[in-house]
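Structural features, examined
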Amino acid sequence: MLTILMGRAKSGKTEWMLRRIAALGDHSRQVLLVPEHATHEAELDLCRFCGPTACRSAEVLTFQSLATRVLGETGGLADVTLDNGGKLLTMRRCLQELHTQLKVFGRPSQRSAFLHQLTTLADEFYAYQIAPETLYRHVEDMEGAMGDKLRDVALIFAAYDARLRHGGTDTRSRVQKLHDSLPHSHYLDGKDLYLDGFSFFNKQEESVLSLALRRCSSVTVTLLGDKTGQQFQNAAAQKERLVRMAREVGVPCEICWFTAQERTALDRL
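Now for a look at the structure at hand. The model shown is predicted, which means the values in this text are computed figures rather than measured ones. (Residues numbered from 1 in each chain as written. Predicted model: local features only at pLDDT ≥ 70, side-chain atom pairs only at ≥ 80, totals over all residues. Heavy atoms only, no water.)

Applying the stated criterion across every chain yields a total of 13 salt bridges. Residue D45 is joined to R48 by a salt bridge in which the shortest nitrogen-to-oxygen separation is 2.4 Å. One end of the pair, D45, and the other, R48, are both in helix α2 (residues 39-50), 3 residues apart, so they sit about a helical turn from each other. Classification of R48 as exposed rests on a relative accessible area of 58%. As a salt-bridge pair, D189 and R215 come within 3.1 Å of each other at their nearest N and O atoms. On the criterion of sequence distance, the pair formed by D189 in the loop between α8 (174-181) and β4 (192-195) and R215 in helix α9 (residues 203-215) is long-range, its members being 26 residues apart. Each of the salt bridges in this network shares a partner with another, and the network as a whole consists of R93, E97 and R163. (Salt bridge = Lys/Arg side-chain N within 4 Å of Asp/Glu carboxyl O. Helix = DSSP H or I, 4+ residues; strand = E, 2+ residues; numbered from the N terminus. Buried < 20%, exposed > 50% of the residue type's maximum accessible area, 1.4 Å probe, protein only.)

Relative orientation of the contacting elements helix α6 (residues 132-139) and helix α7 (residues 144-164) amounts to 165°, with a least axis distance of 9 Å. It follows that α6 is roughly antiparallel to α7 by the angle criterion. Along this stretch, α6 crosses α7, giving a crossing that reads as left-handed. From α6, P132, L135, Y136 and V139 reach across to α7, where they touch L150, R151, V153, A154, L155, F157, A158 and D161. In the contact of α6 with α7, the residues fall into 10 nonpolar, no polar and 2 charged. (Axes fitted to C-alpha atoms, helices over the stretch in contact; angles between N-to-C directions. Parallel < 35°, antiparallel > 145°, perpendicular 65-115°, else oblique. Left-handed = near helix turned anticlockwise from the far one by under 90°. Contact = heavy atoms within 4.5 Å. Nonpolar A, V, L, I, M, F, W, Y, C, P; charged D, E, K, R; others polar.)

Judged by nonpolar contacts, the single largest core of 34 residues is most densely connected at F63 and L195. Contributions of two or more residues to this core are made by β1 (2-7), β2 (30-33), α3 (63-74), α8, β4, α9, β5 (218-224) and α10 (233-249). (Core = buried A, V, L, I, M, F, W, Y, C linked by side-chain atoms within 4.5 Å.)

With that settled, consider the environment of L178. For L178, the location among the structural elements is in helix α8. For L178 and G76, which are 102 residues apart along the polypeptide, the C-alpha to C-alpha distance reads 10.0 Å.

Glancing now at the sheet that holds β1. With parallel pairing, the 6 strands of this open sheet are ordered in space as β3-β2-β4-β5-β1-β6. In this open sheet, the two edge strands, each paired with only one partner strand, are β3 (58-61) and β6 (253-258). Neighbour-to-neighbour, the strand axes of the sheet open up by a mean angle of 15°, direction not taken into account. The pairing of β1 with β6 spans 6 bridges and is parallel. Bridged to L5 within β6 is C256. α3 rests against β2, β3 and β4 of the sheet, and its axis sits at about 120° to β3. Docked against the sheet, α10 engages β1, β5 and β6, running at close to 170° with respect to β1. (Pairing = 2+ DSSP bridges.)

As far as function goes, none of this settles anything; it's purely spatial.
If you want it as structure tokens, here you go:
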């Protein structure tokens, strides 16, 4: 079961979710998934609504900490995960190896700012599940300077991805490993999963949610929006993707609308 809670800020979506977690209590296991910056506040809210025994049946996680739980069950938790410095060094090694093949990005390859831009771009490719071979297939026939530039990016990304998986080790981020390991894990089986504080989900996170819909007893997501959809177009598009995902998985989907109570003339602002 997928439940989508839609409403403006301070319309009661989070409160409804926390009251639901408190009502379930020890009758089920609940996971509240929030962004990295919101974990402390979410834990305080959970204890405020559920009391000092909240941790017996519910826990606050992020995608990173969920990956830690899943990898601890399936294996791979002890694998090395590169930090930003390790990513930069790996990217620099790839550029050194490809130096003679690059038409555009050969000369600035030693600059740290350029290396940082490339690692950030690679993280974006991973987040939206763009494989190196897929990227190269789309740009190999492009002409002109833009074609040369994109082919350089595709070659660099392919070498970088190969380096991260070099020698039988996997040094990718834990969220990437979460997507690969979740089908073999029973960590979410039968649990009630709640997601709060996200403005949108990238392709990789949506894939994790798709797997969670198959394993969890229920999944509840809050999104910022209203019925007009004019001021919250990203949330409206995200809602449609979640509804389509539920349909593809074969689980029912319910959309609940929340209306903020305006107490003063400034509340609308």
